[in-house]
Amino acid sequence: MGALSVTGLVKKYGDFTALAGINLTVKKGEFFGLLGPNGAGKSTLINIIGGLLSYDAGTATAFGLPLQEVKQRMNVVSAYADLHSILTVEQNLRVYAHIYGVKDREKKIADLLSMFELQHLKSKRSNHLSSGEKSRVMLCKGLLNDPELLLLDECTVGLDPDIAEKTRRILLAYQQRTGATILFTSHYMHEVEELCGRIAFLQQGKILKIGTASVLKQMIKRQIISIDFVKADPALLAFLREKGVIITHSEGNTISFELHEEDEKLYKLLNRLFQQGYKIKDLKITKSTLDDVFIKIARHEI
Amino acid sequence: MRWNTIKGLLLKHCYTSLNSLDRIFDLFYWPLLSLVLWGFTTYYLKGYLGNMIVAIFIGGATLFLFFERTQQDISVFILEDFWSRSLFVLFTSPVTATELIASTLIFGFARSIITLGALLIAGSLIFSFYLFSISAIWVLVFLFLLILLAWAFSFFIIGLVYRYGMKIQVFAWSITWLIQPFSAVYYPVASLPPLLQKVSWFIPLTHIFEGFRELLATGTIHSTFGLWYAFFVTIALLFLSVLYLERSLRKALKEGLFVHPI
Ligand SMILES: Nc1ncnc2c1ncn2[C@@H]1O[C@H](COP(=O)(O)OP(=O)(O)OP(=O)(O)O)[C@@H](O)[C@H]1O
Ligand SMILES: [Mg+2]
């Protein structure tokens, strides 16, 4: 049984279809990523699971139960949501500690505030917080009830690099400590790659691909090779072109080119270069990144 | 309904009340201002029209302001979540609509009792008017009916808010003012034009205030038919407004009002 199970989920706004039949099972303890261009339907999916939106067809359950029945075991954090603006940080957290039925409330709140380095802001009114501070208070709210299912919709937006890194560590530690299931969206690919196991790629309300970051990256069989020669001459460029290499950049003794398919080809190419007497000072291989995969999928190039 | 959730929501309403000058003004400033205005006007008119006029106006004002406060408070505390843009957090939490409404009713009730207390104290100190000395039982009956009716109106307003968002918030304040002229609050139905008299008798409020004036004039209420009518119509309105509220909530979930409040 998955922690989260969605089948044939359809969400329409009038004539517009925001989700066009989503099938997704997230296993217990998975840190699952949702990627996709703006308007793909990531937030819509999260909001449906979070109970903010109804849907038009399909089913959605968490831990085998209707979503409405597991709200206590769940929590949702969105960068675009606000807490009650005229309540202070501490008052907000206290209210939600009650609502989520948290035991030992004051200790929990104090722990979370110190975890996110927010103690000094606890008496500040929520509408006076900076956006990064607000995001952190939201994360505190998100962990109040030690959720078994945590939905994070761009929860790291607005965090400075230092806090963002700490936040990722806190989330990973939380997930490892509790075995919670986390559904995560972000437009920062490095975050997704660092945190998530499997990733689903959504576009126009459909899931196009599901896989781990490395599996997704293998879909682009391309790497950029950058070689710093002792001496590069026009004959070298001609030689490379002859071997079917696409040169992307050439400056001084450094030549960069795209190489498709397997490593063996690079090995062969290097062998030939040695045989021709070209000496190599330095070599750099840049593999495709999740950013590249994102762009390719979004543009329907793979 | 879970007691934890209700407690959390009551705490939220408390903090909102304490942190917001507006919500404190609601409790005392506006009701007392109205009462004092009516009070001094009738004190001036007393010389021409006799003592009864003071009781009719200050008593009428106390009852009506209590009704108005109860109705507005509940709507305002629901609107508060729109103003503070906290619908997302609220509706992704385990709070159910029933718990949300129940907590608002409990808190609104407590607040309207505070307002009533302030009105009674001001009435007795400034104008030597003692509402409960007229007839404690009947006054309690009036207050009971007024609370139920205020709730029915509030449910309808909340239904409107969940359907159309903040753009209809003006109704939260004005609905009582809209019906006040036809509800015979300060003058008998007989003083309305004939056509409006017919309209007026449909409104439950009319029967409550007619009953109040009868009580003042004769010391008792001879026929309870009007009050029973008010009671049953109010119950029907409560039923319909809850139905409307429930449908609006479903529509809000369908159209994503809590994701993108309008
Ligand atoms: N209330 C609404 N009425 C009509 N269309 C809506 C409504 N809410 C969302 N949409 C549409 O649904 C689509 C999916 O939106 P959603 O917010 O899920 O995208 P997303 O994948 O989260 O995008 P982003 O990366 O920009 O956050 C969008 O095209 C959006 O315009
Ligand atoms: Mg989104």
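Residues numbered from 1 in each chain as written. Chains lettered and ligands numbered in written order. Predicted model: local features only at pLDDT ≥ 70, side-chain atom pairs only at ≥ 80, totals over all residues. Heavy atoms only, no water.

*Asks:* What is the right way to read the overall build of chain B from this model?
*Replies:* The helix and strand inventory of chain B stands at 10 helices and zero strands. Computed over C-alpha atoms, the radius of gyration of chain B comes to 19 Å, within 12% of the 18 Å expected from 2.2 N^0.38 for 262 residues, which places it in the range of a compact globule. Projecting the C-alpha coordinates of chain B onto the three principal axes gives extents of approximately 60 × 40 × 30 Å. With 262 residues in all, chain B has 54% of them scored as buried. Summed over all atoms, the accessible surface of chain B reaches about 11500 Å², with 75% contributed by carbon and sulfur. Positive and negative side-chain charges in chain B, numbering 16 and 11 respectively, have mean positions lying 5 Å apart. (Helix = DSSP H or I, 4+ residues; strand = E, 2+ residues; numbered from the N terminus. Rg over C-alpha atoms; globule rule 2.2 N^0.38 Å. Buried < 20%, exposed > 50% of the residue type's maximum accessible area, 1.4 Å probe, protein only. Areas by Shrake-Rupley, 256 points an atom, 1.4 Å probe, with all protein chains shown as cover. Lys, Arg positive; Asp, Glu negative; His and termini not counted. Charge placed at Lys NZ, Arg CZ, Asp CG, Glu CD.)

*Asks:* When you look at the packing of helix 3 (residues 52-83) of chain B against helix 7 (residues 170-179) of chain B in this model, what are you seeing that I'm missing?
*Replies:* Angle between the axes and distance between the axes are the two parameters that describe a pair of packed helices. All names here are of chain B. At a minimum axis separation of 8 Å, helix 3 and helix 7 run at an interaxial angle of 155 degrees. Relative to helix 7, helix 3 is oriented roughly antiparallel. Taking contact as the criterion, the partners of Phe64, Phe67, Glu68, Gln71, Gln72, Ser75, Val76, Leu79 and Trp83 in helix 3 are, on helix 7, Ala172, Trp173, Ile175, Thr176, Trp177 and Ile179. Across the contact of helix 3 with helix 7, the residue classes break down as 10 nonpolar, four polar and one charged. (Axes fitted to C-alpha atoms, helices over the stretch in contact; angles between N-to-C directions. Parallel < 35°, antiparallel > 145°, perpendicular 65-115°, else oblique. Contact = heavy atoms within 4.5 Å. Nonpolar A, V, L, I, M, F, W, Y, C, P; charged D, E, K, R; others polar.)

*Asks:* What exactly am I supposed to notice about the sheet that holds strand 9 (residues 198-203) of chain A here?
*Replies:* For sheets, the rule is that strands pair by backbone hydrogen bonds, running either parallel or antiparallel. Residues and elements named next belong to chain A. Read from one edge to the other, the open sheet built from six strands follows the order 6-7-8-3-9-10, with strand pairing classed as mixed. On the outer flanks of this sheet lie strand 6 (74-78) and strand 10 (206-212), each paired with one strand and no other. Strand-to-strand twist in this sheet, taken as the mean axis angle between neighbours without regard to direction, amounts to 15 degrees. Across six bridges, strand 9 lies against strand 10 in antiparallel orientation. In the sheet register, Gln203 faces strand 10, and the bridge partner there is Lys206. Sheet strands touched by helix 4 (residues 131-143): strand 6 and strand 7 (149-153). Its angle to strand 6, the strand with the most contacts, is close to 170 degrees. (Pairing = 2+ DSSP bridges.)

*Asks:* Honestly, the site of ligand 1 in this entry has me stumped. Any pointers?
*Replies:* In the vicinity of ligand 1 lie 15 residues, with Gly39, Lys42, Ser43, Thr44 and His187 of chain A positioned nearest. The local environment of ligand 1 is shared, drawing residues from chains A and B. The separation between a nitrogen atom of ligand 1 and a polar side-chain atom of Tyr13 of chain A is 3.5 Å. Measuring from an oxygen atom of ligand 1, one finds a side-chain N or O atom of Lys42 of chain A at 2.7 Å. Starting from 640 Å² of accessible surface for ligand 1 in isolation, the protein chains cover 69%. Sorting the residues of the shell around ligand 1 by element identifies strand 2 (16-26) and helix 1 (42-50) of chain A as the ones contributing at least two each. If you tally residues by element for the shell around ligand 1, the top one is helix 1 of chain A, at three residues. For the shell around ligand 1, the class distribution of residues is five nonpolar, seven polar and three charged. (Near = heavy atom within 4 Å. Polar contact = N/O pair within 3.5 Å; in protein donor to acceptor, adjacent residues only side chain to side chain.)

*Asks:* Honestly, the sheet that holds strand 1 (residues 4-13) of chain A in this entry has me stumped. Any pointers?
*Replies:* Residues and elements named next belong to chain A. The four strands lie next to each other as 2-1-4-5, forming an open sheet whose pairing is antiparallel. Bordering the open sheet on either side are strand 2 and strand 5 (65-66), each of which pairs with just one other strand. Bridge count between strand 1 and strand 2: eight bridges; the pairing is antiparallel. Bridge pairing links Val10 to Ala20 in strand 2.

*Asks:* Is there a simple way to think about the packing of helix 2 (residues 21-49) of chain B against helix 3 of chain B in this case?
*Replies:* Residues and elements named next belong to chain B. Contact geometry for helix 2 and helix 3: axes closest at 10 Å, N-to-C directions at 160 degrees. Looking at the two axes, helix 2 sits roughly antiparallel to helix 3. Every pair of crossing elements has a handedness; the one defined by helix 2 and helix 3 is right-handed. (Left-handed = near helix turned anticlockwise from the far one by under 90°.)

*Asks:* Before we go on, may I ask you to explain the interface of chain B and chain A in this structure?
*Replies:* The accessible area lost on association of the parts is a frequent measure of interface size. On the side of chain A, 33 residues touch chain B, which itself brings 32 residues to the contact. Here chain B packs against chain A, burying approximately 2900 Å² in sum over the two surfaces, 59% of which is carbon and sulfur. In this assembly, chain B and chain A are joined by two salt bridges. For Asp56 of chain A, the salt bridge goes to Lys254 of chain B, with nearest N and O atoms at 2.9 Å. Scanning the region where chain B abuts chain A turns up 14 residue pairs in polar contact (both at pLDDT 80 or more). Of all the secondary structure elements, the ones that give two or more residues to the side of chain B that touches chain A are helix 1 (3-19), helix 3, helix 4 (87-92) and helix 10 (225-255) of chain B. Per-element tally for the side of chain B that touches chain A: the top contributor is helix 1 of chain B, with 10 residues. Residue composition of the side of chain B that touches chain A, by class: 13 nonpolar, 11 polar and eight charged. (Buried area = accessible area lost by both parts, 1.4 Å probe. Salt bridge = Lys/Arg side-chain N within 4 Å of Asp/Glu carboxyl O.)

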